[in-house]
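Residue strings, one per chain:
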Amino acid sequence: MRALIVDPTSPARLRLGEAPDPVPGPAQVLVEVRHTSLNAAELFFAERADPGEVIGFDAAGIVVAAAADGSGPSVGSRVVGFAEGGGFGALRAMDAVDVAEVPEGVDLGEAATLPVAAGTALRALEQAGPLLGRRVLVTGASGGVGGFAVQLAALAGAYVIAVAGSQTSAEGPAALGAHEVVIGLGGVEEPVDVVIDTVGGDQLVAAYALLMPGGTLQSVGWASGREASLPVGSTLGSPVPRTVVSVYNGAGLTDRRAQLTRLLTLAEAGRLRVPVGWRGPWDRIAEAVDALGSRRLRGKAVLDVG
């Protein structure tokens, strides 16, 4: 099959090539991939994977072989799903429990952005507990996970403060329903209940300092690539514990289909928008990688397969 394969000599460390067709297991569906999505995690794994390997998490397409055990969607179904690796191939075998059927009213390309980015944002917010009436701070709000976190928090009844890196990037979170958009954390004066942090480094430290007693910081990403150094004593003295919690939305989750179905239902109803900042054929992978790696990308990058 055609696939984006790891190639250390390529500028993007990924290029179109050939890879073996996947062989689905008895509880897996075989999907003809029409669209996939680029995430920061793929840039990380492209640096570390073996040459010729097919990486990638998100994929949306058409089922061409149903699961042999009878689970999952039937042949011809429009689906989106998640798996550890293989998303950048023209064919993909996925566990039936990790795929959901895509409503006709939802574009398959936009659906391909949901498993990693929107799924991670949803999991982080669910871990934070009830959000109605609470103040939620989202760092990196112009990115993929951040944009979904802004919307999902607002839908849950939170007062959402979006942190952007510049005035230009602030336009996106405002359009997605943020109640307040700030450039950097210097403009946030009142404490917050929840932080969804995608940046790490100094911004994580500053966001932690804004937590009120009992607040939680959900650590989703580390886009800054910098260490976080907490000032001496900054973790002490809160009458109710303030926590930093890791967020995992990878393989082995038992509720993946339910999670995707929930997100697709919101998208079909027009309540969840997919902020697409770059879209093009997959042979232009170098452009998408450059936009994401240089942090110029606003929203998600969609790769059209074919």
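The shown structure was predicted, so the numbers you read here are calculated from the model rather than taken from an experiment.

Calculation notes
Residues numbered from 1 in each chain as written. Predicted model: local features only at pLDDT ≥ 70, side-chain atom pairs only at ≥ 80, totals over all residues. Heavy atoms only, no water. Helix = DSSP H or I, 4+ residues; strand = E, 2+ residues; numbered from the N terminus. Rg over C-alpha atoms; globule rule 2.2 N^0.38 Å. Buried < 20%, exposed > 50% of the residue type's maximum accessible area, 1.4 Å probe, protein only. Contact = heavy atoms within 4.5 Å. Axes fitted to C-alpha atoms, helices over the stretch in contact; angles between N-to-C directions. Parallel < 35°, antiparallel > 145°, perpendicular 65-115°, else oblique. Nonpolar A, V, L, I, M, F, W, Y, C, P; charged D, E, K, R; others polar. Core = buried A, V, L, I, M, F, W, Y, C linked by side-chain atoms within 4.5 Å. Salt bridge = Lys/Arg side-chain N within 4 Å of Asp/Glu carboxyl O. Left-handed = near helix turned anticlockwise from the far one by under 90°. Pairing = 2+ DSSP bridges.

> Kindly report on the overall build of the chain, identifying the contributing residues and their values.
Helix and strand counts for the chain stand at eight helices and 15 strands. Expected size for 306 residues packed as a compact globule is a radius of gyration near 19 Å; at 19 Å, the chain falls within 12% of this value. Going through the 306 residues of the chain one by one, you find that 53% of them count as buried. Within the chain, counting contacts between residues at least 6 apart in sequence, those at least 24 apart form 67% of the total.

> Residue-level account of the packing of helix α3 (residues 114–128) against helix α7 (residues 256–268), with values.
Their axes nearest at 10 Å, the elements α3 and α7 cross at an angle of 100°. Taken as axis vectors, α3 and α7 run roughly perpendicular relative to one another. Contacts from Leu114, Pro115, Ala118, Gly119, Leu122, Arg123 and Glu126 in α3 reach Arg256, Gln259, Leu260, Arg262, Leu263 and Leu264 in α7. Grouping the constituent residues of the contact of α3 with α7 by class yields seven nonpolar, two polar and four charged.

> Kindly report on the nonpolar core, identifying the contributing residues and their values.
By size, the foremost hydrophobic cluster in this structure holds 42 residues, and its most contacted members are Leu114 and Val136. Among the secondary structure elements, those contributing two or more residues to this core are β4 (58–65), α2 (108–111), α3, β8 (135–138), α4 (144–155), β9 (159–164), β11 (192–197) and α7. With eight residues, the single largest contributor to this core is α3. Judged by nonpolar contacts, the second largest core, of 28 residues, contains Val6, Ala19, Val54 and Ala301.

> Could you give me a rundown of the pattern of salt bridges, with the residues and numbers involved?
Summed over all chains, the structure comprises eleven salt bridges. Between Arg279 and Asp304 there is a salt bridge, with its nearest N and O atoms 3.1 Å apart. Note that Arg279 is positioned in strand β14 (residues 276–281) and Asp304 in strand β15 (residues 300–304), a separation of 25 residues in sequence. Overall, the relative accessible area of 35% leaves Arg279 in the partly exposed class. Linking Arg296 and Asp290 is a salt bridge whose minimum nitrogen-to-oxygen distance equals 2.4 Å. Given the relative accessible area of 49%, Arg296 is considered partly exposed. What emerges from the salt-bridge pattern is a single network uniting Asp107, Arg279 and Asp304.

> Before we move on, could you go through the packing of α3 against α4 and cite the residues and values that matter?
The packing of two helices is summarised by the inter-axis angle and the distance between the axes. Two elements in contact, α3 and α4, have axes whose closest approach is 8 Å; the angle formed by their N-to-C orientations is 45°. The orientation of α3 relative to α4 falls into the category oblique. The handedness of the crossing between α3 and α4 is right-handed. Facing α3, whose interface residues are Leu114, Ala117, Ala118, Ala121, Leu122 and Leu125, α4 presents Gly144, Val145, Phe148, Ala149, Leu152 and Ala153. Its residues assigned to classes, the contact of α3 with α4 comprises eleven nonpolar, one polar and no charged.

> Just give me the short version of the sheet that holds β9, but keep the residues and values in it.
Strand order in the open sheet formed by six strands is β10-β9-β8-β11-β12-β13, with parallel pairing between adjacent strands. Two strands lie at the open edges of the sheet, namely β10 (180–183) and β13 (243–246), each paired on one side alone. Pairwise comparison of adjacent strand axes, ignoring direction, gives a mean angle of 20° for this sheet. Relative to strand β12 (residues 211–219), α3 is tilted by about 155°, and along the sheet it contacts β8, β11, β12 and β13.

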